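What follows is each chain in one-letter form.
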Amino acid sequence: MENSTLAIVVPCFNEEAVLPQTNERLASLLNAMINDRQVGEGSYILYVDDGSRDNTWSLIERCGGSHVRGLKLAGNVGHQNALMAGLETARLDADVTVSIDADLQDDINAIPEMIRKFDAGCDIVYGVRRSRQADSFFKRTTAQAFYRFMTNMGAKSVYNHADFRLMSRRAVDALCQYDERNLYLRGLVPLLGYQTDTVYYDRSERQSGKSKYTFGKMLSLAVDGVTSFSVKPLRLIFYLGAVFLLISLAILVYVIVALCKGNGVPGWASLMLSIWFVGGCMLMCLSVLAAYVGRIYTEGKHRPRYHIEKYLK
């Protein structure tokens, strides 16, 4: 689609260390694409300030211009909700959106290729890393394990894809119909069903600042992903209970045989071990149930995902 309006959506949380460089690189790329008539004159970069506590919003205001906009959320709502706020805002006047993190570890030079695939008829184009060599050993190992786990749980996901993707307006419109509060966009987008394609790129190391995805946040995202797209953990509880039942029957047979032979049952150690083992498993099962009940509780209240404080155009 010639001269489509592009919005590059960039969620930001305490990004003052990288934002000037990020804006310089994105603005240069966008101007080049406009000059080459890959995208329309009205294309822009939309920075979404997710309740930053540093000078991120002040820097966004300074960057503001004909091709730079800013969306300031009233508080910190998390990366996925901030990204959704940017997409919902951009769909009002953009034909196509590209989401990318503010640290620009994802290769912005893949964006023109995404636009070419969009012009060829794709509604969704995933940015996929060729490898994870730029990540630490721990992050690389846990990420790969998580993708495999999500696949085994039955959730649709794109391997080595995070939130660097292109979406057409109708794809974003369809995504906005998913009204859940516990967002896991990497799992929702593959459910849309529109024509998709992939662009591969090499992910670079973060130039400055610190990653905002701590271990706790990554674990929370993983829990949201599993509980939002799979009920298999609930089924596993049933199988675990069946295993415990078989173990208890085996113990019962052992005790009866021992009594028939006149042997005393050495009870204390084995009894305490069994109690602690079964008790720990029960607590684990209850925690799985609590995670699902908690999601139902959150969804049932139907609270807004975010509030907009300012919109800089």
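All of these numbers come straight from a predicted model, not from anything done at the bench.

(A) Just the sheet that holds strand 5 (residues 124–129), in detail. Taken in spatial order, the 8 strands make up an open sheet running 7-5-6-4-1-2-3-8, and their pairing is mixed. Single-partner strands in this sheet number two, and they are strand 7 (196–201) and strand 8 (308–312). With direction set aside, neighbouring strand axes in the sheet form an average angle of 20°. Sheet analysis places strand 5 next to strand 6 (residues 161–168), joined by 4 bridges and oriented antiparallel. Looking across to strand 6, one finds that Val128 is bridged to His161. Running at roughly 155° to strand 2 (residues 44–49), helix 1 (residues 19–35) makes contact with strand 1 (6–12), strand 2 and strand 3 (68–73) of the sheet. Sitting on the sheet, helix 2 (residues 56–63) touches strand 1, strand 2, strand 3 and strand 8, and the angle it makes with strand 3 is about 155°.

(B) Seen up close, helix 3 (residues 79–90). Relative to the 16 Å expected for 12 residues at 1.5 Å per residue, helix 3 spans 16 Å between its end C-alpha atoms, a close match to the ideal helical length. In terms of burial, helix 3 is largely enclosed, as 12 of its 12 residues are buried. Along helix 3, the positions that sit buried rather than exposed are His79, Gln80, Asn81, Ala82, Leu83, Met84, Ala85, Gly86, Leu87, Glu88, Thr89 and Ala90.

(C) Up close: the pattern of salt bridges. By the definition in use, this model includes 12 salt bridges. Residue Arg69 pairs with Asp93 through a salt bridge whose shortest N-O separation is 2.7 Å. You can see Arg69 sitting in strand 3 and its partner Asp93 sitting in the loop between helix 3 and strand 4 (96–99), a full 24 residues away along the chain. Take Asp93: its relative accessible area is 28%, and that puts it in the partly exposed class. Two residues, Asp163 and Arg186, come together in a salt bridge whose shortest N-O distance is 3.5 Å. Of the two residues, Asp163 sits in strand 6 while Arg186 sits in helix 7 (residues 185–188), which places them 23 residues apart along the sequence. The exposure classification of Asp163 matches that of Arg186, with both residues buried. In this structure, a network of salt bridges that share partners links the residues Glu113, Arg116, Lys117 and Asp197.

(D) Representation of the packing of aromatic side chains in the model. Taken as a whole and assessed by the stated rule, the structure comprises 1 aromatic pair. For the pair Phe164 and Tyr201, a centre-to-centre distance of 5.3 Å together with 85° between the ring planes defines the contact as edge-to-face. Taken as a pair, Phe164 in strand 6 and Tyr201 in strand 7 lie far apart in primary sequence, 37 residues in all. Judged by relative accessible area, which is 1%, Phe164 ranks as buried. Taking relative accessible area as the criterion, Tyr201 reaches 2% and is therefore assigned buried.

(E) Highlighting the packing of helix 1 against helix 2. Across the interface, helix 1 lies against helix 2 with an axial gap of 10 Å and an inter-helix angle of 30°. Looking at the two axes, helix 1 sits roughly parallel to helix 2. The way helix 1 lies across helix 2 gives a crossing that is right-handed. Of helix 2, the residues touching helix 1 (which contributes Leu19, Pro20 and Asn23) are Thr56, Leu59, Ile60 and Cys63. Residue classes in the contact of helix 1 with helix 2 are distributed as 5 nonpolar, 2 polar and no charged.

(F) Looking closely at the nonpolar core. Within the largest apolar cluster, 34 residues are counted, with the highest numbers of intra-cluster contacts made by Leu6, Val10, Tyr47 and Ile111. At the level of secondary structure, the elements contributing two or more residues to this core comprise strand 1, helix 1, strand 2, helix 2, strand 4, helix 4 (111–119), strand 6 and strand 7. Counting residues per element, this core draws most heavily on helix 1, which supplies 6 residues. Every residue in contact with Leu6, bar those within four places of it in the chain, is listed here: Leu30, Met33, Val39, Ser43, Tyr44, Val96, Thr97, Val98, Ile111 and Ile115. Counting 29 residues, the second largest nonpolar core, distinct from the first, contains Val128, Val172, Leu175 and Tyr306.

(G) Here's a closer look at the pairing of strand 6. In terms of burial, strand 6 is largely enclosed, as 8 of its 8 residues are buried. Pairing of strand 4 with strand 6 involves 4 bridges; the strand directions are antiparallel. When the bridges of strand 6 are listed, Val98 appears paired with Leu166.

Procedures and definitions
Starting afresh in each chain, residues are numbered from 1 along the sequence in its written order. At least 70 in pLDDT is required for a residue's local features to be given in this predicted model, at least 80 for side-chain atom pairs to be given and counted, and no such filter applies to totals for whole chains, interfaces and linings, which use all residues. With hydrogens and water stripped out, all remaining heavy atoms of the structure feed into the side-chain values. Here a strand pair is declared whenever DSSP counts at least two bridges between the two strands. By the criteria applied, helices consist of DSSP H or I runs no shorter than four residues and strands consist of E runs no shorter than two, each listed in order from the N terminus. Fitted lines through C-alpha atoms serve as axes, helices being fitted only where they are in contact, and the angles separating the N-to-C directions of these axes extend from 0 to 180 degrees. Two residues form a contact once any of their heavy atoms are found within 4.5 Å. Take the residue count of a helix, subtract one, and multiply by 1.5 Å to get its expected span. Three exposure classes are used, based on accessible area relative to the maximum for each residue type with a 1.4 Å probe and protein chains only: buried under 20%, partly exposed in between, and exposed over 50%. Note on definitions: salt bridges are taken to be side-chain nitrogens of Lys or Arg within 4 Å of carboxyl oxygens of Asp or Glu. Here is the rule: rings of Phe, Tyr and Trp (six-membered ring for Trp) pair when centre to centre is within 6.5 Å. Planes less than 30 degrees apart are stacked, more than 60 are edge-to-face, and the remainder are tilted. Each angle gets one of four labels, with under 35 degrees taken as roughly parallel, over 145 as roughly antiparallel, 65 to 115 as roughly perpendicular, and the rest as oblique. Whether a crossing is left-handed or right-handed is set by the direction in which the near helix is turned from the far one by less than a right angle, anticlockwise for left-handed and clockwise for right-handed. Here the nonpolar group is Ala, Val, Leu, Ile, Met, Phe, Trp, Tyr, Cys and Pro; Asp, Glu, Lys and Arg are the charged ones; every other residue, Gly included, is treated as polar. We define a nonpolar core as any set of buried Ala, Val, Leu, Ile, Met, Phe, Trp, Tyr and Cys residues linked to one another through side-chain atoms lying within 4.5 Å.

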